[in-house]
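Geometric and topological summary
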Amino acid sequence: MMAILVVKKLSELMLEAARSSSELNVESDTLKQNRGKLAEVQIGKSGGFAGRIGARGSHWLTLLLLMLCNFVVSAFEPDFVIPLENVTIAQGRDATFTCVVNNLGGHRVAWIKADAKAILAIHEHVITNNDRLTVQHNDYNTWTLNIRSVKMEDSGKYMCQVNTDPMKMQTATLEVVIPPDIINEETSGDLMVPEGGAAKLVCRARGHPKPRITWRREDGREIIARHAGHQKTKAPSVEGEMLTLSKVTRSEMGAYMCIASNGVPPSVSKRMKLQVHFHPLVQVPNQLVGAPVLTDVTLICNVEASPKAINYWQRENGEMIIAGDRYALTEKEHNMYSMEMVLHIKRLQSSDFGGYKCISKNSIGDTEGTIRLYEMERPGRKQMRDDEINEVTRHEVENRHKENRHEEGSRNQNGRLYKDRTQEPELGSSADSTRAPAPAQGTMQLIKTFILALLVLLATTATAEAVAPTTTTTTKTTTKTTTTAAATMLLYTKGAARQKDTKETNLRLELNGAGDAEHEYCERSATTARIGWSMQGLGARTPATK
């Protein structure tokens, strides 16, 4: 290095001497001495030039040496290998700048905060009073500046400088970014408005760069914006710090999301709940419900209310229905303001049929819906009842037909209507169950009558034998008495037979109809008449024999 400086200095002296001799054409003793010294200079160990040089030769030699010195000096000056790169980093992280310099030689590398004109470090020593800054050198050509946990005040231009003449440097920018953060003190919370009113939602955020605010609905539905002239627009998202909703309806009730982002992850959001107040509304899908006994049935009411309502069921008489073994009460929520009331009744009874009320109440008002539950016939049971009705109708027709035939068969030749004695006692009574059948009673009565007549006849015969010697008048009297007794027995026999025939006729009327009963009556009347005449003839002959 020192050799290069000596050569450079000598070249400058030779150039100055040559200029003086050409312009003034004067040689002084000093120039001669210097020129002699220059001529005697030997370059290299073996010597490249020797001997004395004249004035003309010294001029060209000076120019050659000057060019050689400039080339050597320029070839060994410091130089930057790669440019200094810009750094963008989030607040709180570490930033690093790297400077690569060749041929530094005896020069030094310095780090400077350009915008603040403050020296941070020289070579491997930190000058500034900041414990977050450090510098490193890899003992070759790389110098590094480290900044730990960067802050916003660390952002700006940084310079890597070499103290050459003139000075050499390169710069880069440090950008400190901050993720978005929502300012809760300046942001709206949950909001309540009446239906038809207006709502304003505000969301503010900080960060670097400045965050962008986007509004969305949590359920994914579109946001409705109403303008003057009854115009409205729908969009999935809205930009801006303030969201204005006018003439809100219950369908706009829900959660709205305020999303802040600036390209620095992560993005942040805040949830705001918008409630719209209105009077309860009850809708009944089926106001008339039918079900058979001993089956299960479900009654449903749809309710819309905000704020949240108290819902319950009542019977039409005001009795509140409580959940139990036979009653199950459930509520199924569809959204913030709509729900479904369900009443499930198990094993229906006759007392369950009637009116039911679903009632909804909130702080604004109350309303109710009515459902009437009626009994339905089972498909199989209805067919059985129809068959029973048809069977009863058929029996009634047959009984009436039998009664008509009974009345027609109970008339005699004179047109007299006989009373049906078999119907006098009530059916199923104890007297009727112990009494013998009508034909058997008639036969027994006929036998008793015949025995009684026979006893009377024997008694009359014995009396006649006892008074045999009497006069003719007595005989006539006895004959009259016997005839009278025989006539009495005949009448009694006829009466018994007639009574028997009447009972048998009534029985026949019930079993075989009027025609058969009349024929039977005629036959039995003829038989009775023959028996009577036979008994009368027997009584008339008995005295004659005696």
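As shown above, the structure is provided for reference.
In this report, the structure presented in the accompanying data block is examined.

The subject of this paragraph is the overall build of the protein. On a plain count of helices and strands, the protein comes out with eight helices and 27 strands. In the protein, buried positions account for 32% of the 546 residues. For the protein, long-range pairs separated by at least 24 residues make up 62% of all intrachain contacts whose partners lie at least 6 apart in sequence.

Attention now goes to the sheet that holds strand S1 (residues 79-80). Note on sheets: strands pair through backbone hydrogen bonds, and any given pair is parallel or antiparallel. Pairing in this open sheet of four strands is antiparallel, and the strands run S1-S3-S8-S7 from one edge to the other. Unpaired on one side and paired on the other, S1 and strand S7 (133-137) mark the two borders of the sheet. The sheet contact formed by strand S3 (residues 95-102) and strand S8 (residues 142-147) spans six bridges and is antiparallel. When the sheet's bridge partners are listed, Phe-97 is paired in S8 with Leu-145.

This part covers the environment of Met-339. Secondary-structure assignment places Met-339 in strand S25 (residues 338-345). Sequence-wise, Met-339 and Cys-301 are 38 residues apart; in three dimensions their C-alpha atoms are separated by 8.7 Å. If we ignore the near neighbours within four places in the chain, the residues touching Met-339 are Cys-301, Asn-302, Val-303, Asn-311, Glu-331, Lys-332, Glu-333 and His-334.

Here we take up the state of the cysteines. Structurally, a disulfide amounts to a covalent bond that connects the sulfur atoms of two cysteines. Summed over all chains, the structure comprises three disulfides. Shown here is the disulfide that connects Cys-99 with Cys-160, its sulfur atoms set 2.0 Å apart. In this structure, the disulfide formed by Cys-99 and Cys-160 twists by about -80° around the S-S bond and is classed as left-handed. With a gap of 61 residues between them, Cys-99 in strand S3 and Cys-160 in strand S9 (residues 156-162) connect regions that are remote in the sequence. Cys-99 gets classed as buried once you look at its relative accessible area, which sits at 0%.

This paragraph deals with the packing of aromatic side chains. Enumeration over the complete set of coordinates arrives at two aromatic pairs. Consider the rings of Phe-278 and Tyr-337, whose centres lie 5.9 Å apart with planes at 80°: the pair is edge-to-face. Highlighted residues: Phe-278 in strand S20 (residues 268-283) and Tyr-337 in the loop between strand S24 (327-333) and S25, separated in sequence by 59 residues. Cation over ring: Arg-326 sits above Tyr-327, and NZ or CZ is 5.4 Å from the ring centre.

In this structure, the amide linkage connecting Asp-165 to the following residue, Pro-166, adopts the cis form with an omega of 5°. Residue Lys-247 is not a glycine yet carries a positive backbone phi of 50°. Relative to the elements of secondary structure, Lys-247 occurs in the loop between strand S18 (242-245) and strand S19 (254-261).

Right, let's get into the nonpolar core. Formed by 25 residues in total, the largest nonpolar core has its most connected members in Phe-97, Val-101, Trp-111, Leu-145 and Leu-174. Those elements that provide at least two residues to this core are strand S2 (87-90), S3, strand S4 (109-113), strand S5 (118-122), S7, S8, S9 and strand S10 (168-182). Considering each element in turn, this core owes the most residues, four residues, to S3. Membership of the second largest hydrophobic core comes to 22 residues, among which are Val-289, Leu-299, Leu-343 and Ile-371.

Analysis parameters
Residues numbered from 1 in each chain as written. Predicted model: local features only at pLDDT ≥ 70, side-chain atom pairs only at ≥ 80, totals over all residues. Heavy atoms only, no water. Helix = DSSP H or I, 4+ residues; strand = E, 2+ residues; numbered from the N terminus. Buried < 20%, exposed > 50% of the residue type's maximum accessible area, 1.4 Å probe, protein only. Contact = heavy atoms within 4.5 Å. Pairing = 2+ DSSP bridges. Disulfide = S-S within 2.5 Å. Phe/Tyr/Trp six-rings, centres within 6.5 Å; stacked < 30°, edge-to-face > 60°. Lys NZ or Arg CZ within 6 Å of the ring centre and 35° of its normal. Core = buried A, V, L, I, M, F, W, Y, C linked by side-chain atoms within 4.5 Å.

Keep in mind these values describe shape, not function.
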